[in-house]
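An overview of the molecular structure
Read off the chains here:
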Amino acid sequence: MSESPYAVKLSQFEGPLDLLLHLVQKNEMDIQDIQIATITAQYLEHLKHMKAQNIDVASDFLVMAATLLYLKSRTLLPVSRVETEQEEGVDPEEELKQRLLEYQRYKEGAQKLEQFPRLFRDVFPRPPLAQDDVDPPLAAEAQPLIDISVYDLVRAFSAVVRPRPTPPVHRINKGGISVTLGVRLLLQQLHGKERVSFQRCFTVATTRQEVVVQFVAMLELIRLQLLSFAQHTPGGMVYLYPSERIRKGCYADIEHMLDLKEHLDD
Amino acid sequence: MIDLKAGVEAVLFSSDSALSMAKLEQIFGVDREELRLALQQLQHECQQDGRGVVLQEVAGGFQLRTRPEYAQWIMQLKRTRNMNLSRAATETLAIIAYRQPVTRAEIEALRSVDSGGIVRTLLEKDLVRVAGKKDAPGRPLIYATSTMFLEVFGLNSLADLPSLRDLRTDELEFESEMNFEPEEGEPR
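Let me begin by describing the structure that accompanies this report. (Residues numbered from 1 in each chain as written. Chains lettered and ligands numbered in written order. Predicted model: local features only at pLDDT ≥ 70, side-chain atom pairs only at ≥ 80, totals over all residues. Heavy atoms only, no water.)

1. Considerations on the interface of chain B and chain A
Of the residues lining the interface, 56 residues belong to chain B; the matching set on chain A comes to 45 residues. Ranked by residues supplied to the side of chain B that touches chain A, first place goes to helix α5 (residues 87–99) of chain B with eight residues. Residues of the side of chain B that touches chain A, tallied by class, amount to 26 nonpolar, eleven polar and 19 charged. (Contact = heavy atoms within 4.5 Å. Helix = DSSP H or I, 4+ residues; strand = E, 2+ residues; numbered from the N terminus. Nonpolar A, V, L, I, M, F, W, Y, C, P; charged D, E, K, R; others polar.)

2. What about the packing of aromatic side chains?
Evaluated as defined, the whole model comprises seven aromatic pairs over all chains. On the numbers, 3.9 Å between centres and 10° between planes, the contact of Phe157(A) with Phe215(A) is stacked. Of this pair, Phe157(A) sits in helix α7 (residues 150–161) while Phe215(A) sits in helix α9 (residues 208–223), placing them 58 residues apart in sequence. Exposure remark for Phe215(A): the relative accessible area of 9% places this residue in the buried category. Members of the aromatic cluster, connected to one another through ring pairs, are Phe157(A), Phe198(A), Phe202(A) and Phe215(A). When the ring centre of Phe13(B) is taken as origin, the NZ or CZ atom of Arg126(A), which lies over that ring, is 4.8 Å away. (Phe/Tyr/Trp six-rings, centres within 6.5 Å; stacked < 30°, edge-to-face > 60°. Buried < 20%, exposed > 50% of the residue type's maximum accessible area, 1.4 Å probe, protein only. Lys NZ or Arg CZ within 6 Å of the ring centre and 35° of its normal.)

3. With respect to the pattern of salt bridges
With the rule as written, the count across this model stands at 23 salt bridges over all chains. One salt bridge connects Glu102(A) with Arg99(B), and the closest N-O pair in it is separated by 2.6 Å. Of this pair, Glu102(A) sits in helix α6 (residues 92–115) while Arg99(B) is found in helix α5, placing the two residues in two different chains. The salt bridge involving Arg118(A) is made with Glu114(A); its shortest N-O contact spans 3.3 Å. Residue Glu114(A) is classed as partly exposed on the basis of its relative accessible area, which comes to 29%. Taken together, the shared-partner salt bridges connect Lys5(B), Glu9(B), Glu45(B), Asp49(B) and Arg51(B) into one network. (Salt bridge = Lys/Arg side-chain N within 4 Å of Asp/Glu carboxyl O.)

Below is the structure:
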């Protein structure tokens, strides 16, 4: 493999438009008066280097190469012919210029954002205190709760699943617990409570597998709308809110809903 | 003698998230003008005295933040979230920020490359959120920036995004389409 300066440079291009923009700027051209022939030759040269370096040339790059070659071929046609084509529809050269201009616009926007002092990189706020052991009073919930996405739920889950290293002793598992059993365990934890913190739902789980089953059981109850979840502070602790049916212990109802579902799966 | 400015400083110091004007009003029970004056004085003092922290207005709230000059020392506490973004990720984030709400297909058309993995990274970092589904064939997900995005880049609202180069077209200025109201719960 040759030690050409391309080796380092090529990997920098995010896509064909990025490469094209680089070539336009390197040649000190204006996008509006881009010289297709010059740019096409250099673009193809780059693709050749990429292949020589065994870089997998993505199909997007090849599509752009075809577009450039087409545009170049158009410039060789008599002018009158080109004009009729322009009347028929969007001028493909104009279209490419627009795409380049637009791409350049967002790239510059990204460069400006890059220079902004960034939280957790350049500037820092106070970190949250070890808040998770102290639940805010329920009375404070007169304030609206924050609606969070399933991604927040997954983030809370990864915090639970991480600090549980597998014990060094080798044990043979008897096959673990089922989701139905997981639901039952979870229901015990939730019984009679207005609210339970996410972490606390997992205190009975001893193995990683049990933690996972508990989580699946939790998702199942959420799906059946027997359980809802929310945060008090952005990025803070996730809380679960059992529905009335769980609080009042209508387990027969709930198991019926679960059984029904398992029958459907069969 | 209770000093409102020092009180505001104390409250902001002890809070781990940005506090909105409404929240400060509720805490201190004084009117907005008095608070604004105290906040201005505090901001001015932090600047003037060359302190390690500055008072910044972000995502519709106020927060004490460290000065960028001291990042290298704070890094040594090794307790912070990682907000480093690759060039591709910053580019994708910029497209979402300026074009929101936007679908993945629209992002990919602009960037000319597959962007699914990057969008997922941005979702995981909480900088981007799913804002719903587009009323189009296939009902694709539409993406928008989160309150976290404003906080991370120190913006008070989307109106504070740096302006982009003019496209010299008759295209609708998308700024008029954007919704500047924060849609998530306001910081407290």
